[in-house]
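A structural walkthrough
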Amino acid sequence: MLIPSRTKYRKVRKGRVSGVATSGNYIAYGDYALQAQGHERLSSRQIEAARQAMTRYIKRGGKIWIRIFPHTPVTRKPQDVKMGSGKGSPEFFVAKVKPGTILFEMQGVTEETAREAMRLAGNKLPVKTRFLVREEV
């Protein structure tokens, strides 16, 4: 699973995931990509599940790039704890994803294989996704 090696602050405020992606919204490395179509917070477990689904389908052929990283800690309070007494401790990390963000890229496989692998990966994620192909210039 992806987690940051160290963070500046243990706990951060929730914030809002609004607007469209202005960075990380183009295919940089591979020939095929999976693009987010909505606002969502993707946990490191979800990213890992999607990565495993893609890798298994392409039978470890080709190359996969993960273009998002879960930097933001999410805190939870223990079950059956009364209101108050401060903020809970960090439980897991999430990546804030906006519409247009490229989540994964792939190279070295056929388009049909890449399309099916990305579809399987998209089913593991809580956000709607779209398959993209790099334009040959």
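Computed from a predicted structure; not experimentally measured. (Residues numbered from 1 in each chain as written. Predicted model: local features only at pLDDT ≥ 70, side-chain atom pairs only at ≥ 80, totals over all residues. Heavy atoms only, no water.)

**Quick word on the nonpolar core**
Looking at soluble globular proteins, one finds that nonpolar side chains tend to be buried together. Counting 22 residues, the largest nonpolar core has Leu42, Leu103, Phe104, Met106 and Leu125 as its most contacted members. Listing elements by their share of this core, those giving two or more residues are strand E1 (32–36), helix H1 (44–57), strand E5 (89–97), strand E6 (102–107) and helix H2 (111–123). Among the elements that take part in this core, H2 stands out by supplying four residues, more than any other. If near-sequence neighbours (up to four positions away) are discounted, Phe104 is found in contact with Tyr32, Ala33, Leu34, Ile47, Ala50, Arg51, Met54, Trp65, Ile66, Met118 and Leu125. (Core = buried A, V, L, I, M, F, W, Y, C linked by side-chain atoms within 4.5 Å. Buried < 20%, exposed > 50% of the residue type's maximum accessible area, 1.4 Å probe, protein only. Helix = DSSP H or I, 4+ residues; strand = E, 2+ residues; numbered from the N terminus. Contact = heavy atoms within 4.5 Å.)

**Some words on the sheet that holds strand E4 (residues 72–76)**
The sheet built from three strands is open, its strands ordered E2-E5-E4 with antiparallel pairing. Edge strands, defined here as strands with exactly one partner in the open sheet, are strand E2 (40–43) and E4. In this sheet, adjacent strand axes meet at a mean angle of 50 degrees when their direction is disregarded. Across five bridges, E4 lies against E5 in antiparallel orientation. (Pairing = 2+ DSSP bridges. Axes fitted to C-alpha atoms, helices over the stretch in contact; angles between N-to-C directions.)

**Comments concerning a positive patch on the surface**
On the surface, a cluster of positive charge is made up of Lys14, Arg16, Arg41, Arg76 and Lys96. Turning to its location among the elements, Arg16 is positioned in the segment before E1. By relative accessible area, Arg16 is classed as exposed at 69%. (Patch = residues over 30% accessible without salt bridge, like charges linked within 9 Å, V, L, I, M, F, W, Y side chains within 5 Å. Areas by Shrake-Rupley, 256 points an atom, 1.4 Å probe, with all protein chains shown as cover. Salt bridge = Lys/Arg side-chain N within 4 Å of Asp/Glu carboxyl O. Lys, Arg positive; Asp, Glu negative; His and termini not counted. Charge placed at Lys NZ, Arg CZ, Asp CG, Glu CD.)

**Some remarks on the environment of Met106**
Within the fold, Met106 resides in strand E6. Met106 sits in the buried class, given a relative accessible area of 0%.

**A short note on the layout of surface pockets**
In this structure, the largest pocket encloses a volume near 190 Å³. Looking at the largest pocket, the residues that line it are Ala21, Thr22, Ser23, Gly24, Arg67, Ile68, Lys96, Val97, Lys98, Thr101 and Ile102. Considered class by class, the residues forming the lining of the largest pocket number four nonpolar, four polar and three charged. In this model, the second largest pocket occupies a volume close to 150 Å³. In terms of lining residues, the second largest pocket is bounded by Val12, Arg13, Lys14, Arg41, Thr72, Pro73, Val74, Thr75, Arg76, Lys87 and Lys96. Among the elements that take part in the lining of the second largest pocket, E4 stands out by supplying five residues, more than any other. Taken together, the residues of the lining of the second largest pocket break down into three nonpolar, two polar and six charged. (1 Å grid on protein atoms, 1.4 Å probe; cavity = no way out; pocket = protein on both sides within 12 Å on 5 of 7 lines; lining within 4 Å. Points joined across faces, edges and corners; volume = space filled by probe spheres on them. Nonpolar A, V, L, I, M, F, W, Y, C, P; charged D, E, K, R; others polar.)

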